[in-house]
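This is what each chain is made of:
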Amino acid sequence: MSDQIVFENHRFGEIAVNESELLNFPGLPGFPKALRFVVMEHDRDAFFAWLVSVDDPDLAFAIADPWQFFPEYDPPIELRHLNVLGVEGPKDLEVMTIATFAGETVRLNLVAPLLINPRNRRGMQVIFDRTSLSAREEIRPAEAEDGAANPPASVRLQAVPAGSKVDL
Amino acid sequence: MLVLTRKPGESILVGSDVRITLVSSSGTHARIAIEAPGDVSIHREEVYERIAEANREAAMAAAPSIEPLQSQDDPAERDEE
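Residues numbered from 1 in each chain as written. Chains lettered and ligands numbered in written order. Predicted model: local features only at pLDDT ≥ 70, side-chain atom pairs only at ≥ 80, totals over all residues. Heavy atoms only, no water.

1. Comments concerning the overall build of chain B
Tallying secondary structure elements over chain B gives two helices and three strands in all. Mapped from its N terminus to its C terminus, chain B presents α and β elements in the order β-β-β-α-α. For chain B, the proportion of its 81 residues judged to be buried stands at 19%. In chain B, the share of contacts with a sequence separation of at least 24, taken over all contacts with a separation of at least 6, comes to 0%. For chain B, the computed accessible surface area is about 6,300 Å², with 52% contributed by carbon and sulfur atoms. (Helix = DSSP H or I, 4+ residues; strand = E, 2+ residues; numbered from the N terminus. Buried < 20%, exposed > 50% of the residue type's maximum accessible area, 1.4 Å probe, protein only. Contact = heavy atoms within 4.5 Å. Areas by Shrake-Rupley, 256 points an atom, 1.4 Å probe, with all protein chains shown as cover.)

What follows is the structure, encoded as structure tokens:
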């Protein structure tokens with residue numbers, strides 16, 4: 001009601017959300033002034049969701065749960081990241097990755113995932129420098145195409161809930 | 001920009017809680033230690049720039065090409081209308 005905010009995004013038009021749904025980031029590399037976002041899902045089973053900027057009407061990222069595509073993904077999250085986000089238990093952490101669509105291919109940025117605490121709505125993009133992870137890991141075309149309308153059961157079964165890989 | 005000269009073992013304080021220490025230097029390389037609170041992110045500039053560029057690319061590409069990946073209405077349904 002009173003805590004509802006309305007903002008404009010050029011992709012989605014006018015968006016109204018409750019203030020409690022906002023995610024607060026300390027900016028993202030390349031977008032230091034993008035502080036508030038909302039996640040928009042077109043479908044609960046969809047492979048991709050949107051991270052839509054409240055502050056920049058031109059800005060939206062496609063995001064994906066990396067474990068849908070890379071079950072072995074093991075980001076080296078550190079205790080200090082969890083402290084900054086106020087993570088107190090496994091339910092306080094979600095890990096998403098930014099997707100880039102380039103022609104036929106879709107790439108996930110596994111080097112710099114988004115860590116989100118859904119409880120206090122804080123998020124940050126961390127950079128795992130000095131790892132063998134790729135900032136442009138391609139999703140195999142078969143996966144992406146199948147994932148379009150009809151995700152293959154095998155991929156879905158491999159999906160690991162975000163956060164479950166982190167030892168607290 | 002402030003430029004300072006430091007010997008190995010000497011530090012620079014930035015604000016009250018960031019300490020930058022020259023560990024050693026030899027020829028073209030300097031080893032630098034940085035102590036900062038956990039919420040201060042520290043990156044090699046070229047790494048940070050690479051991620052910034054990847055983010056910009058993702059934001060640019062987000063617009064049209066994602067359409068086929070969205071859960072779509074069945075096209076057949078639309079034909080019937």
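This is not the end of the story, as more comes after the structure.
2. Some words on empty space enclosed by the protein
The full count for this structure, using the stated rule, is one cavity of 30 Å³ or more. In this model, the largest cavity occupies a volume close to 40 Å³. Surrounding the largest cavity, Ile 98, Thr 100, Arg 107, Asn 109, Ala 135 and Arg 136 of chain A together with Ala 54, Asn 55, Glu 57 and Ala 58 of chain B form its lining. Those elements that provide at least two residues to the lining of the largest cavity are strand E7 (94-102) of chain A together with helix H1 (45-65) of chain B. Among the elements that take part in the lining of the largest cavity, H1 of chain B stands out by supplying four residues, more than any other. Looking at the lining of the largest cavity residue by residue, the classes come out as four nonpolar, three polar and three charged. (1 Å grid on protein atoms, 1.4 Å probe; cavity = no way out; pocket = protein on both sides within 12 Å on 5 of 7 lines; lining within 4 Å. Points joined across faces, edges and corners; volume = space filled by probe spheres on them. Nonpolar A, V, L, I, M, F, W, Y, C, P; charged D, E, K, R; others polar.)

3. A short note on the layout of surface pockets
Of the voids in this model, the largest pocket is the one considered here, and its volume is about 1,000 Å³. Lining of the largest pocket is provided by 37 residues; of these, Arg 80 of chain A together with Val 40, Ser 41, Ile 42 and His 43 of chain B occupy positions nearest its centre. Of all elements in the fold, only helix H1 (79-85) and strand E10 (122-125) of chain A together with strand E3 (29-35) and H1 of chain B reach the threshold of two or more residues within the lining of the largest pocket. The residue makeup of the lining of the largest pocket, split by class, is 19 nonpolar, nine polar and nine charged.

4. Some points on the packing of aromatic side chains
Inspection of every chain in the model, using the stated rule, returns seven aromatic pairs over all chains. It is Arg 11 of chain A that lies over the ring of Phe 12 of chain A; its NZ or CZ is 5.8 Å from the centre. (Phe/Tyr/Trp six-rings, centres within 6.5 Å; stacked < 30°, edge-to-face > 60°. Lys NZ or Arg CZ within 6 Å of the ring centre and 35° of its normal.)

5. Focus on the pairing of E3 of chain B
Residue and element names in this part refer to chain B. Two elements, strand E2 (residues 18-26) and E3, share seven bridges in a ladder whose sense is antiparallel. The partner of Ile 20 across the bridge, within E3, is Ile 34. The hairpin formed by E2 and E3 contains two residues between the paired strands, and Gly 27 there has a positive phi angle of roughly 60°. (Pairing = 2+ DSSP bridges.)

6. Side note on unusual backbone geometry
The backbone of Arg 121 of chain A shows a phi angle near 65°, a positive value even though the residue is not glycine. Structurally, Arg 121 of chain A is set in the loop between strand E9 (114-117) and E10.

7. Considering the confidence of the model for chain B
Residues and elements named next belong to chain B. Mean pLDDT over chain B: 82, with 77% of residues reaching 70 or higher. Helix H2 (residues 75-80) is the least confidently modelled element of chain B, averaging 46 in pLDDT, while strand E1 (residues 11-14) averages 97, the highest of any element. Throughout residues 64-81 the model reports pLDDT below 50, and contacts reaching past four residues in sequence, or to other chains, amount to 22 contacts. Overall fold confidence for the complex sits at a pTM of 0.77, while the interface term, ipTM, reaches 0.79. (pLDDT = per-residue confidence, 0-100.)

8. Concerning the nonpolar core
Residues and elements named next belong to chain A. With 35 residues, the main nonpolar core has Phe 7, Phe 48, Phe 69, Leu 93, Leu 108 and Leu 115 as its most contacted residues. Elements with a contribution of two residues or more to this core: strand E1 (4-9), strand E2 (13-18), strand E5 (49-53), strand E6 (60-64), H1, E7 and strand E8 (105-108). If you look at the next biggest cluster of nonpolar residues, it comprises 17 residues, including Ala 34, Leu 51, Met 96 and Ile 98. (Core = buried A, V, L, I, M, F, W, Y, C linked by side-chain atoms within 4.5 Å.)

9. Concerning the pattern of salt bridges
Scanning the entire structure with this criterion turns up eleven salt bridges over all chains. A salt bridge links Asp 55 of chain A to Arg 36 of chain A, with the shortest nitrogen-to-oxygen separation between them at 3.1 Å. With Asp 55 of chain A in the loop between E5 and E6 and Arg 36 of chain A in strand E4 (residues 36-40), this residue pair connects regions lying 19 residues apart in the sequence. According to the relative accessible area criterion, Arg 36 of chain A is partly exposed, its value standing at 31%. Here Glu 53 of chain B and Arg 56 of chain B are joined by a salt bridge, their closest N and O atoms 3.3 Å apart. (Salt bridge = Lys/Arg side-chain N within 4 Å of Asp/Glu carboxyl O.)

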